[in-house]
Amino acid sequence: MANNHWRTFPRWMLEEHEIELQFNAQLATGRAAEVTARIQREPATLQVVLALLGNPSTALSTRIGIGVVMEDLAESALLKSAVATLGELSQHPDVTIRSDACHYLGLSGDAHAIPFLQACLHDQAAEVHDVATDALATLTPDNPPND
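- Named according to an unreviewed UniProt entry, the chain is HEAT repeat domain-containing protein originating from Thiothrix subterranea.

1. Thoughts on the packing of helix α2 (residues 32–41) against helix α4 (residues 60–72)
Inference 1: Relative to each other, α2 and α4 sit at 45°, their axes nearing to 9 Å. Compared by their axis directions, α2 and α4 come out oblique. Our pair here, α2 against α4, has a crossing hand that is right-handed. Touching A32, V35, T36 and I39 of α2 are G65, V68, V69 and D72, all from α4.

2. Considering the pattern of salt bridges
Inference 1: Using the criterion set out here, one finds 4 salt bridges in the structure.
Inference 2: Across the pair E34 and R31 runs a salt bridge, and its minimum N-O distance is 3.2 Å.
Inference 3: For R31, a relative accessible area of 37% gives the class partly exposed.
Inference 4: Between D100 and R63 there is a salt bridge, and its shortest N-O distance comes to 4.0 Å. Here D100, found in helix α7 (residues 95–108), pairs with R63, found in helix α4; they are 37 residues apart in sequence, far enough to count as distant.

3. A closer look at the nonpolar core
Generally speaking, nonpolar side chains in soluble globular proteins are found buried as a group.
Inference 1: One finds F23, I39, L86 and L117 to be the most contacted residues of the largest nonpolar core, which totals 40 residues.
Inference 2: Dropping the residues within four chain positions of it, F23 is found in contact with V35, R38, I39, T45, V48, V49 and L52.

4. Digging into the side chain of T58
Inference 1: For T58, the location among the structural elements is in the loop between α3 (46–53) and α4.
Inference 2: T58 sits in the buried class, given a relative accessible area of 11%.
Inference 3: In terms of polar contacts, T58 uses its side chain to reach the backbone carbonyl oxygen of L52, at 2.6 Å.
Inference 4: Residues contacting T58, with those up to four places away along its chain left out, are L52 and R63.

Rules of the game
- Sequence order as written defines the numbering, with residues in each chain counted from 1.
- The model is predicted, so local features are restricted to residues of pLDDT at least 70 and side-chain atom pairs to those at 80 or more, both for listing and for counting; the totals for chains, interfaces and linings are taken over all residues.
- Side-chain figures throughout are based on the complete set of non-hydrogen atoms in the structure, without hydrogens or water.
- Every axis in this analysis is a line fitted to C-alpha atoms, fitted for helices over the stretch in contact. Angles between the N-to-C directions lie between 0 and 180 degrees.
- In DSSP terms, a helix is any run of H or I states spanning at least four residues, a strand is any run of E spanning at least two, and both are numbered starting from the N terminus.
- The labels follow the angle: roughly parallel below 35 degrees, roughly antiparallel above 145, roughly perpendicular from 65 to 115, and oblique for the rest.
- In a left-handed crossing the near helix is turned counterclockwise from the far helix by less than a right angle, and in a right-handed crossing that turn is clockwise.
- Note on contacts: a residue pair qualifies if any of its non-hydrogen atoms lie within 4.5 Å across the two residues.
- By definition here, a salt bridge exists when the distance from a side-chain nitrogen of Lys or Arg to a carboxyl oxygen of Asp or Glu is within 4 Å.
- Working definition: with a 1.4 Å probe on protein chains only, accessible area under 20% of the residue-type maximum means buried, over 50% means exposed, and in between means partly exposed.
- Take the buried residues of types Ala, Val, Leu, Ile, Met, Phe, Trp, Tyr and Cys, join any two whose side-chain atoms come within 4.5 Å, and each joined set is a nonpolar core.
- Identification of polar contacts relies on pairs of N or O atoms within 3.5 Å, with a donor-acceptor requirement for protein atoms, meaning one able to donate a hydrogen and the other able to accept it, and with residues adjacent in sequence counted only if both atoms are side-chain atoms.

Here is the structure:
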């Protein structure tokens, strides 16, 4: 007789995992607009996308979809609300995650992103440094970053 261990999980854990699986599939298959629409209806689901962003195992196709969502949310209150999380991700051990986080910090249009980006100017990875420089230039067009 099979054990139904999944029945012992709290319902919210199953729902969160279900959303992650759904978003991952949508992002990987070019349906990022559906994810953006859901985030706009249910702002808390942005955390699911940020968790996918922060997972080094997230597939490239999903990462591309995340980029589309972030572009759709550029300068929105939703993306601005994620600045602290993106700031943490800008210090992640994985260079791709750091670089992506810097890019999305620039898209936020929020001055609170500036200290995170300034810290990334000293990153050992040239890619992260370059993305942080570009992001800072978009946030402070009158005062370009000093290396």
